Amino acid sequence: MNTWSGTWVAERLGVELAGDERLRGLLGLALRRNPKRAHLLVSNVLGKHVPQAPSVVYGHGVALGRRVRGLLGEEAAGRAVVLGYAETATGLGHSVADGLGAAPCLHSTRRPVAGVATAGGFEESHSHATSHLLLPEDPALLAGDGPLVLVDDEFSTGNTVLNTVRALHARYPRERYVVVALVDMRSAADAGRLEEFAREIGARIDLVTTASGTVRLPDGVLERGQALVAQYEGAGGGGGTAATPTGPQPRGDLTRVDLNWPAGLPDGGRHGFTPAHRARLDAALPAMAARIATALPEDAHRVLVLGFEELMYAPLRLAAELERTTGAEVRYSTTTRSPVLAVDDPGYAIRSRLVFPAHDDPADGPGERYAYNVAGAGFDAVVAVVDSVADTPALHAPDGLLARLAEHTPHVLLAVVPSYVPAAAQDVSERPATMLPEPLRGPAFSSYAPEEVGWLLQDLSDVTLEAPTEEREEAIQSGGAHYAESLPVEYQPSEQYQQLFHNALDASAARLAHAVGVVTEIVLAERSPRPVLVSLARAGTPIGILMRRWAQHRHGLDLPHYAVSIVRGRGIDANALRRLAAHHDPRDVVFVDGWTGKGAITRELAQAVEEFEKTEGISGFDPEIAVLADPGSCVRTYGTREDYLIPSACLNSTVSGLISRTVLRADLVGPDDYHGAKYYRELADADLSVAFLDAVSARFEEVTEAACAEAKDLLAADRTPTWEGWAAVERISEEYGIHDVNLVKPGVGETTRVLLRRVPWKVLARAGAGSDLDHVRLLAEQRGVPVEEVPDLPYTCVGLIHPRFTRGATGADGTAVSR
């Protein structure tokens with residue numbers, strides 16, 4: 001008797017699969033590497049994690065489609081549209097559409113495509129990668145009044161379906177929905193929610209499944225599951241591939257197969273797949289399968305056709321045709337984003353795991369991808385089928401998918417399906433955004449880990465850009481140069497000043513962690529459940545990384561994070577925005593900065609985004625900045641409005657990944673280039689960037705409850721900006737005879753910048769300000785700048801740049817600048 005592939009998990013965690021007698025044939029169990037759910041139901045007939053005969057995989061989907069057709073009747077079935085869920089059920093959705101007959105098919109996607117309007121989106125709350133986009137080439141595909149058939153591999157809580165229907169019904173209301181899944185695994189508590197929701201929206205919702213049952217989970221199963229995963233991965237039990245008696249085979253050969261894919265035929269349902277498309281594919285399949293069969297070695301008796309993430313349907317149909325026309329034992333499965341523990345045990349559903357880097361420039365940044373139950377399965381050949389977007393150097397790299405496959409099979413074939421580009425996206429693809437380089441990442445650029453931030457900048461490290469502070473100030477104030485055309489000489493802190501930084505960090509780490517938590521929780525609740533963090537380089541970058549770490553700590557999210565340049569008077573880097581729009585939904589982008597002063601950058605960004613929308617025709621970017629501290633009351637999204645010391649403001653590059661302030665100069669930055677910056681590798685011994693992040697992150701656990709409570713209160717409060725900071729700056733500018741708000745820098749962070757980078761005239765300090773100003777007082781003393789205490793100052797301090805400065809000239813009060 002065969003061992004059930006859920007036995008291992010059931011025995012160790014007490015998980016029970018109850019219900020339909022077919023369930024154990026359809027499902028096994030494994031353990032997720034996911035903070036939200038311990039177990040994974042592993043389908044034996046889906047073709048995702050478990051290689052299966054393609055006729056079995058396709059047959060299950062088609063059979064479900066035929067049942068839906070019988071339920072709806074011929075007339076309603078002829079008006080139905082099928083929607084499959086990415087990534088797991090894209091092939092199943094197509095197969096259900098085939099069973100329905102004449103139904104067009106669309107699947108959700110996690111790959112944004114520039115130029116294609118988003119027809120909707122929704123969240124899959126339990127998933128490792130939650131955000132789904134709907135990108136039909138023809139928006140009318142979802143706008144009809146016929147039944148919408150929603151297809152997923154399993155129906156567990158119903159949350160994903162409810163989220164989808166709620167989002168779509170508000171935009172495209174209809175009278176009938178049909179939910180299709182291989183298994184219905186809802187609990188008794190969830191079972192009535194679908195009917196209740198149907199009554200709420202005034203529509204009929206039917207459910208069609210192959211089998212049904214429930215998963216019974218004992219108390220504490222999540223914690224016990226996580227402990228098991230940690231135990232086995234720590235012991236190497238889930239690290240890469242299962243051991244086999246003979247060990248990995250020698251590296252196999254690689255053959256590229258030209259499929260001669262029909263021109264203009266979509267590779268799948270990302271943008272819609274019609275009955276006419278299906279007819280073209282059916283006609284072309286025999287010749288394409290024959291090309292693969294010819295390339296297979298004669299002794300290849302056991303062959304795996306391996307699809308790629310969302311690209312499931314085309315590889316499935318190719319595999320089914322190979323199975324039909326050759327004598328080989330053909331199996332089918334696909335690669336996946338889903339992180340699962342591998343245990344080489346007959347009673348466990350995931351026996352082996354191949355790990356390789358993502359190779360399609362995914363929207364959520366670099367990361368691991370997986371192929372399960374391939375190693376040790378005895379395949380004589382593996383046919384990897386990817387789309388052309390994924391045929392990248394990373395696919396062919398020494399640690400890439402093809403190399404990993406070659407370690408376990410003597411023959412690897414690569415078949416590339418052209419990625420379909422809708423007409424609306426073809427115009428956009430001609431813009432420079434598609435030619436812009438990849439984000440720069442550490443350790444090649446910056447001392448941050450590569451996953452912490454991608455810099456949408458060009459590396460100007462070999463260019464001499466530094467100028468003496470006084471020379472820069474004279475050129476800037478005379479109008480002879482813009483401040484972004486050169487860099488100040490990097491300030492090298494004295495031992496006394498460095499000690500002040502460490503004291504300040506020790507004293508404020510918990511307060512900073514609290515503010516990070518507050519602003520991140522507000523962003524997740526109000527802006528996007530899966531935001532794309534875009535820090536304004538460079539002061540925003542450490543804060544963006546801390547927000548990203550909080551999202552991981554509190555919610556298990558792995559958020560994409562970039563740093564871009566914005567320059568006062570010149571706007572934001574438009575090429576960086578183009579690239580963001582090409583790889584992400586602009587509505588998910590949240591701009592991040594460290595703090596607000598008087599709000600100049602807040603206004604600059606709003607103006608720049610408005611101009612970008614007019615010139616590029618790309619909308620959706622929200623110019624509202626999320627900041628750690630908003631003492632100027634310039635924004636709605638903040639961690640605090642107190643003006644206190646943020647230690648990352650104390651230093652320059654040595655607390656910002658060793659990256660300079662950004663540079664925008666016509667002879668260095670062309671119209672199709674990112675703005676520039678330097679990487680000060682030579683300052684590595686003085687670098688405190690990661691130490692700063694780690695000190696704050698270490699306090700997350702202790703402040704979580706209080707930060708979440710404050711975020712909840714702020715979400716319910718009136719946070720309308722008052723711009724009181726700007727009014728105060730205008731008043732100070734006139735009172736001190738400066739008559740230029742750009743020379744008045746309010747707040748602890750901006751005052752520190754004045755003392756480190758500009759020619760300071762004086763510092764105004766709020767009477768009674770304490771240790772938050774220790775470093776300011778020391779810097780002012782070192783530069784011979786007076787600190788003047790002022791009652792009722794709305795900021796803790798304000799830095800005044802020397803007005804009308806020339807070397808040796810006088811300021812507004814007739815006093816020469818002190819050195």
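For the structure itself, consult the block above.
Residues numbered from 1 in each chain as written. Predicted model: local features only at pLDDT ≥ 70, side-chain atom pairs only at ≥ 80, totals over all residues. Heavy atoms only, no water.

Q: Would you mind going over the sheet that holds strand 30 (residues 760-766) in detail, with residue names and values included?
A: An order of 29-32-30-31 is seen for the four strands of this open sheet, with the pairing classed as mixed. At either margin of the open sheet sits one strand with a lone partner, and together these are strand 29 (744-746) and strand 31 (787-790). Direction aside, neighbouring strands of the sheet carry axes that sit 25° apart on average. Sheet topology places strand 30 next to strand 32 (residues 797-801); five bridges connect them, and they run antiparallel. Pairing of Lys 762 across the sheet is with Leu 800, part of strand 32. With respect to the sheet, helix 22 (residues 724-735) is in contact with strand 29, strand 30 and strand 32, its orientation differing from that of strand 29 by roughly 140°. (Pairing = 2+ DSSP bridges. Helix = DSSP H or I, 4+ residues; strand = E, 2+ residues; numbered from the N terminus. Axes fitted to C-alpha atoms, helices over the stretch in contact; angles between N-to-C directions. Contact = heavy atoms within 4.5 Å.)

Q: Just give me the short version of the sheet that holds strand 8 (residues 148-155), but keep the residues and values in it.
A: The strand order across the open sheet formed by six strands is 1-10-9-8-4-5, and the pairing between neighbours is mixed. Since the sheet does not close on itself, it has two edges, and those belong to strand 1 (16-19) and strand 5 (105-107), each with one partner. Strand-to-strand twist of the sheet, defined as the mean angle between neighbouring strand axes without regard to direction, takes the value 30°. Direction of pairing for strand 1 relative to strand 10 (residues 204-216): antiparallel, over a ladder of four bridges. For Gly 19, the partnering residue across the bridge sits in strand 10 and is Gly 213. Against the sheet, helix 3 (residues 54-72) makes contact with strand 8, strand 9 (176-184) and strand 10, and its axis sits at roughly 135° relative to strand 10, the strand it touches most.

Q: So what's going on with the nonpolar core? Residues and values would help.
A: Counting 107 residues, the largest nonpolar core has Trp 455, Ile 572, Phe 591 and Phe 621 as its most contacted members. Among the elements that take part in this core, helix 16 (residues 495-526) stands out by supplying 14 residues, more than any other. Listed in part, the 80 residues of the second largest apolar core include Leu 23, Leu 182, Val 208 and Ala 211. (Core = buried A, V, L, I, M, F, W, Y, C linked by side-chain atoms within 4.5 Å. Buried < 20%, exposed > 50% of the residue type's maximum accessible area, 1.4 Å probe, protein only.)

Q: Can you tell me about the packing of aromatic side chains, naming the residues and giving the values?
A: By convention here, two paired aromatic rings are described through the distance between centres and the angle between planes. Evaluated as defined, the whole model comprises 10 aromatic pairs. Taken together, the ring pairs in this structure connect Phe 445, Tyr 448, Trp 455 and Tyr 679 into an aromatic cluster. The side chain of Arg 603 reaches across the aromatic face of Trp 723, ending 4.5 Å from its centre. Just above the ring of Trp 726 sits the side chain of Arg 603; from NZ or CZ to the centre is 3.9 Å. (Phe/Tyr/Trp six-rings, centres within 6.5 Å; stacked < 30°, edge-to-face > 60°. Lys NZ or Arg CZ within 6 Å of the ring centre and 35° of its normal.)

Q: Provide a residue-level description of the side chain of Glu 321, including the pertinent values.
A: Position of Glu 321 among the secondary structure elements: in helix 11 (residues 313-325). If sequence neighbours within four positions are ignored, Glu 321 has contacts with Leu 285, Pro 286 and Ala 289.

Q: If you had to explain the packing of helix 3 against helix 11 to someone new, which residues and values would you point to?
A: Between helix 3 and helix 11, the shortest axis-to-axis distance is 8 Å and the interhelical angle comes to 125°. On the basis of the axis angle, helix 3 is oblique to helix 11. Note that helix 3 runs across helix 11; the crossing there is left-handed. Residue-level inspection shows Pro 54, Ser 55, Val 57 and Tyr 58 of helix 3 in contact with helix 11, the latter providing Tyr 313, Leu 316, Arg 317, Ala 319, Ala 320 and Glu 323. (Parallel < 35°, antiparallel > 145°, perpendicular 65-115°, else oblique. Left-handed = near helix turned anticlockwise from the far one by under 90°.)

Q: Which residues make up the environment of Leu 546, and what are the values?
A: By the element assignment, Leu 546 lies in helix 17 (residues 540-555). The class for Leu 546 is buried, based on a relative accessible area of 1%. Expressed as a C-alpha distance, the spacing of Leu 546 and Glu 452, which sit 94 residues apart in the sequence, is 9.1 Å. Setting aside residues no more than four positions away along its own chain, Leu 546 makes contact with Val 516, Phe 692, Leu 693, Val 696, Ser 697 and Phe 700.

Q: Which residues make up helix 18 (residues 574-583), and what values do they have?
A: Along helix 18, nine of the 10 residues are buried, which leaves the element largely enclosed by surrounding structure. Considering only its buried residues, helix 18 is in contact with strand 22 (532-537), strand 23 (561-567), strand 24 (571-572), strand 25 (589-595) and helix 19 (600-616). Backbone nitrogen of Asn 575 and a side-chain oxygen of the N-cap are separated by 3.0 Å at the start of helix 18; the cap is Asp 573. (Polar contact = N/O pair within 3.5 Å; in protein donor to acceptor, adjacent residues only side chain to side chain.)

Q: Tell me about the pairing of strand 16 (residues 381-387), and name the residues and values.
A: In terms of burial, strand 16 is largely enclosed, as seven of its seven residues are buried. Of the two faces of strand 16, the one lined by Ala 381, Val 383, Val 385 and Asp 387 and the one lined by Val 382, Ala 384 and Val 386 are each fully buried. Here strand 12 (residues 302-308) pairs with strand 16 via four bridges, running parallel. Bridging across to strand 16, Leu 304 finds its partner in Val 382. Where strand 16 meets strand 17 (residues 411-417), seven bridges bridge the pair, whose relative direction is parallel. Note that in strand 17 the partner of Val 383 across the bridge is Leu 413.

Q: Give a description of the environment of Asp 206 that names residues and reports values.
A: By the element assignment, Asp 206 lies in strand 10. Of the residues examined, Asp 206 reaches a relative accessible area of 13% and is grouped as buried. Residue contacts for Asp 206: discarding those within four places in its chain leaves Leu 71, Arg 176, Tyr 177, Val 178 and Val 179.

Q: Account for unusual backbone geometry, with residues named and values stated.
A: In the segment running from Gly 442 into Pro 443, the intervening peptide bond is cis, with an omega of 0°. Tracing the sequence through the fold places Pro 443 in the loop between helix 14 (423-429) and strand 18 (454-455). A positive phi is found at Glu 309, a non-glycine position, where the angle reads about 45°. A positive phi angle, near 60°, is found at Asn 373, a position not held by glycine. Its location among the elements puts Asn 373 in the loop between strand 15 (368-372) and strand 16. In this structure Asn 373 comes out as buried when scored by relative accessible area, which is 10%.

Q: Which residues make up the pattern of salt bridges, and what are the values?
A: A complete count under the given rule lists 41 salt bridges for this structure. The partner of Arg 111 in a salt bridge is Asp 360, and the shortest N-O contact between them spans 3.4 Å. A residue pair is termed long-range when its members are at least 10 positions apart, and Arg 111 in the loop between strand 5 and strand 6 (120-123) and Asp 360 in the loop between strand 14 (353-357) and strand 15 qualify at 249 residues. By relative accessible area, which is 14% here, Arg 111 ends up buried. Taking the shortest distance from any N to any O, the salt bridge between Arg 324 and Glu 321 comes out at 2.5 Å. Separated by three residues within a single helix, Arg 324 and Glu 321 lie in helix 11, roughly one turn from each other. (Salt bridge = Lys/Arg side-chain N within 4 Å of Asp/Glu carboxyl O.)

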